[in-house]
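Structural description and commentary
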Amino acid sequence: MNDQLTIADRSFSSRLLLGTGKFSSSGLMSKALSASGTGVVTVALRRVDVDNPTDNLLQAIDTDRYLLLPNTSGATNASEAVRLARLGRAAGCGNWVKLEVHPDPNHLLPDPIETLKAAEILVKEGFIVLPYIMADPVLAKRLEEAGTATVMPLGSPIGSKQGLRTRDLLEIIIETAGCPVIVDAGLGAPSHAADAMEMGADGVLVNTAIAVAHDPEAMAIAFKKGVEAGREAFLAGIAQPGKNAEASSPLTGFLGA
Amino acid sequence: MPSFYDYSKQFAWDGIEKQIRQARQADVEKALSADHPTMADFAALVSPAAEPFLEQMAQRAHGLTEQRFGRVISLFAPLYLSNVCTNRCVYCGFNAGNIVDRLTLSPEEAAQEAHYLYQEGFRHILLVAGEAPKIVTPSYLADVIKRLRPEFSSISIELFPMETLAYKALVDAGVDGLVIFQETYNEKLYAKVHPAGYKSNFKWRLETPDRGGAAGMRRIGLGALLGLSDWRVEGFFLALHAQYLLRHYWRSQVTISFPRLQPATGGFHAPYPVSDAHMVQLLAALRMFLPDAGMILSTREKPEFRDALIPLGITIMSAGSKTDPGGYTRESGAEAQFEIADHRSPEVVADIIRQKGFEAVWKDWDAAFLQ
């Protein structure tokens, strides 16, 4: 299939990106990654411990198969995020970075000001930057202008599994974006992923819903299908409810046929 | 801004106790159905009326923990630096009145102990000492932290209360977490069980988490010493304290520990022993009220109980702990703070965690955040 997700200079046949947190074991995580068909896997740099063979998350990720997307989860401001990104690159994690700056450790909501600051610095330093943001259309454009490779607006608060609560704003972001839009956070079911794809998102990132499913591998397959179905529907030109199929013409009917 | 001491004045111990005792089944059912429980809901959840709903509460706690933290348990180890103490806490093995061997590790010895823990796999360490500010000085701590920094991604402290500026200096040196147990939120009882030493100042201790938050500590750890008084009321004040901190120091994560009184030197017996079922009730109620709080369980508890609590809301555990300074690398002979009930090695505990269907995580923080 030619319909590929292109971010910076890389193309991926899957539009599903996966997170690696919250899994009960790295074995289950590997199986879920494989089953999902994903090409991009994000890892929290704070979890990476290259000195510890029994706790090396990176060992469980086949970098020949997946693009490793280190993230700065845990950073509370721009300088922490930049420092962490540089360390990750120096440790051999590549120059892609999922930029996460969330000063609130409880809801993990992104700080727009610090995210923009960090993005400007990291782009200048040659990083491929994928920023996690609130569904804020103006911020999305500002980040795009700063040179980020994507924008990754949240569908609902991270880990909440509530689906697209930010729908109206996501629609504006997708409509106005000049870079790929990956809906990140809050997708609790494959139908949510399909929903985002039907809306025209370029991809989705899923973690909690797969990691804490009773059967993560089966859930990864379900999300794969949800993403594919949503994308195919979008490409086929899905009818928008309330926008196309009007049953009658209440305002113009008097004109007669 | 009022400190927690000022804020908590509007909640009288006796009134809260009465409110909890009078909670009815309907209050519990309302609390169970709340997405965001209020303090009144919390009072119902720790009430006797909630006891028949324990399984339901445990399932809610499990579900919330899984949603917010996933199937993951983080591991840490305490490093006891000194058992010298000027306080006379009637329940504690370090009580200045107890004639026991006293020992303070030199920075070199502390580094040796820490290196042992590093080799065991630990990357998160908690520095503990009695209240001896003339021995455990700022320069001593700075020296210890500097030596530990290269091997540990997270360094927390459980020391005596300090001024905000002292905490700031520790944050700058690389400390990311502060643990300070209030022991009891009952001011009268507090005076009785802390008859002498700096610790006898209730207000100073109660405002310590405020100072830690103001200094930029990333994690602030609370705890009530379970068994000193009515756990239901202590639980209420713990929840209130956590809620206050989350509102005022929104950049910090709150953690809660569940220290349950164990036999210690001096023959102190818990006047209000807390049963396993009540501990589960408290844990579940706190999880429902605070979905994002880290919940910590130490090796004070027996292996079977610790293992059983893993799916119920605990997110952080210590393992293989020694509570006597120097105890990891030699037979120090120094007095331990309390008796360990779970003597299993860190690797065995990690295996149990995995068998329970959880990942044992040794590193979930990075020193780069602070440096």
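How each quantity is defined
- Residues numbered from 1 in each chain as written.
- Chains lettered and ligands numbered in written order.
- Predicted model: local features only at pLDDT ≥ 70, side-chain atom pairs only at ≥ 80, totals over all residues.
- Heavy atoms only, no water.
- Phe/Tyr/Trp six-rings, centres within 6.5 Å; stacked < 30°, edge-to-face > 60°.
- Helix = DSSP H or I, 4+ residues; strand = E, 2+ residues; numbered from the N terminus.
- Buried < 20%, exposed > 50% of the residue type's maximum accessible area, 1.4 Å probe, protein only.
- Lys NZ or Arg CZ within 6 Å of the ring centre and 35° of its normal.
- Contact = heavy atoms within 4.5 Å.
- 1 Å grid on protein atoms, 1.4 Å probe; cavity = no way out; pocket = protein on both sides within 12 Å on 5 of 7 lines; lining within 4 Å.
- Points joined across faces, edges and corners; volume = space filled by probe spheres on them.
- Nonpolar A, V, L, I, M, F, W, Y, C, P; charged D, E, K, R; others polar.
- Pairing = 2+ DSSP bridges.
- Right-handed = clockwise from strand over helix to strand, strands pointing away.

With that settled, the discussion passes to the packing of aromatic side chains. Taken as a whole and judged by the stated rule, the model has 16 aromatic pairs over all chains. Between Tyr5 of chain B and Phe202 of chain B, the ring centres sit 6.2 Å apart and the planes meet at 65°, which makes this aromatic pair edge-to-face. Here Phe202 of chain B lies in helix α10 (residues 202-206) and Tyr5 of chain B lies in helix α1 (residues 4-8), a separation of 197 residues in the sequence. Residues Tyr5 of chain B and Phe202 of chain B agree in their burial class; the two are buried. A network of ring pairs unites the aromatic residues Phe4, Tyr7, Phe11, Trp13, Tyr185, Phe236, Phe237 and Tyr244 of chain B as a single cluster. Over the ring of Tyr132 of chain A we find Lys98 of chain A; its NZ or CZ atom is 5.3 Å from the centre of that ring. Over the aromatic face of Trp204 of chain B sits the side chain of Arg211 of chain B, whose NZ or CZ is 3.5 Å from the ring centroid.

Quick look at the side chain of Asp230 of chain B now. Relative to the helices and strands, Asp230 of chain B is located in the loop between β5 (219-223) and α12 (231-248). Those residues in contact with Asp230 of chain B that lie beyond four places of it in its chain are Trp13, Glu17, Arg21 and Tyr272 of chain B.

Glancing now at unusual backbone geometry. Residues and elements named next belong to chain A. The backbone of Leu108 sits at a positive phi, close to 55°, despite the residue not being glycine. Along the chain, Leu108 turns up in the loop between β6 (96-99) and α3 (112-124). Under the relative-accessibility criterion, Leu108 is labelled partly exposed at 24%. Backbone geometry at Ala185 places phi at a positive 85°, although glycine is not the residue there. Mapping Ala185 onto the fold places it in the loop between β9 (182-184) and α6 (190-199). In this structure Ala185 comes out as buried when scored by relative accessible area, which is 6%.

This brings us to the layout of surface pockets. Looking at the largest pocket, its volume works out to about 840 Å³. The wall of the largest pocket is formed by 24 residues, among which His107 of chain A together with Asp35, His36, Pro291 and Asp292 of chain B lie closest to the centre. If you list the elements that add at least two residues to the lining of the largest pocket, you get α5 (54-69), α12 and α13 (276-289) of chain B. Looking at which element gives the most residues to the lining of the largest pocket, the answer is α5 of chain B, with four residues. Each residue belonging to the lining of the largest pocket can be placed in one class, and the counts come to 11 nonpolar, seven polar and six charged.

Time to look at the pairing of strand β10 (residues 203-206) of chain A. All names here are of chain A. The two faces of β10 match: Gly203 and Leu205 on one face and Val204 and Val206 on the other face are all buried. Both strand β3 (residues 16-19) and β10 contribute to a ladder of three bridges, which runs parallel. Within β10, the position partnered with Leu17 by the bridge is Leu205. Bridging between β9 and β10 involves three bridges; their strand directions are parallel. The residue bridging Asp184 from the neighbouring strand is Leu205, located in β10. Regarding the hand of the β-α-β motif, the stretch spanning β9, α6 and β10 is right-handed.

This part covers the pairing of strand β1 (residues 72-82) of chain B. All names here are of chain B. Most of β1 is tucked away, with 11 of its 11 residues classed as buried. Examined bridge by bridge, β1 and strand β9 (residues 359-361) share three bridges and lie parallel to one another. Counterpart to Ile73 in the pairing with β9 is Ala360. Bridge analysis of β1 against strand β8 (residues 316-318) gives three bridges, and the strand direction is parallel. By the bridge assignment for β8, Ser74 is matched with Ile316. As judged from the five bridges shared by β1 and strand β2 (residues 124-129), these two strands associate in the parallel manner. What sits directly across from Ser82, in β2, is Ala129. Where the polypeptide runs from β1 across helix α6 (residues 107-120) and back to β2, its parallel neighbour, the crossover connection is right-handed.

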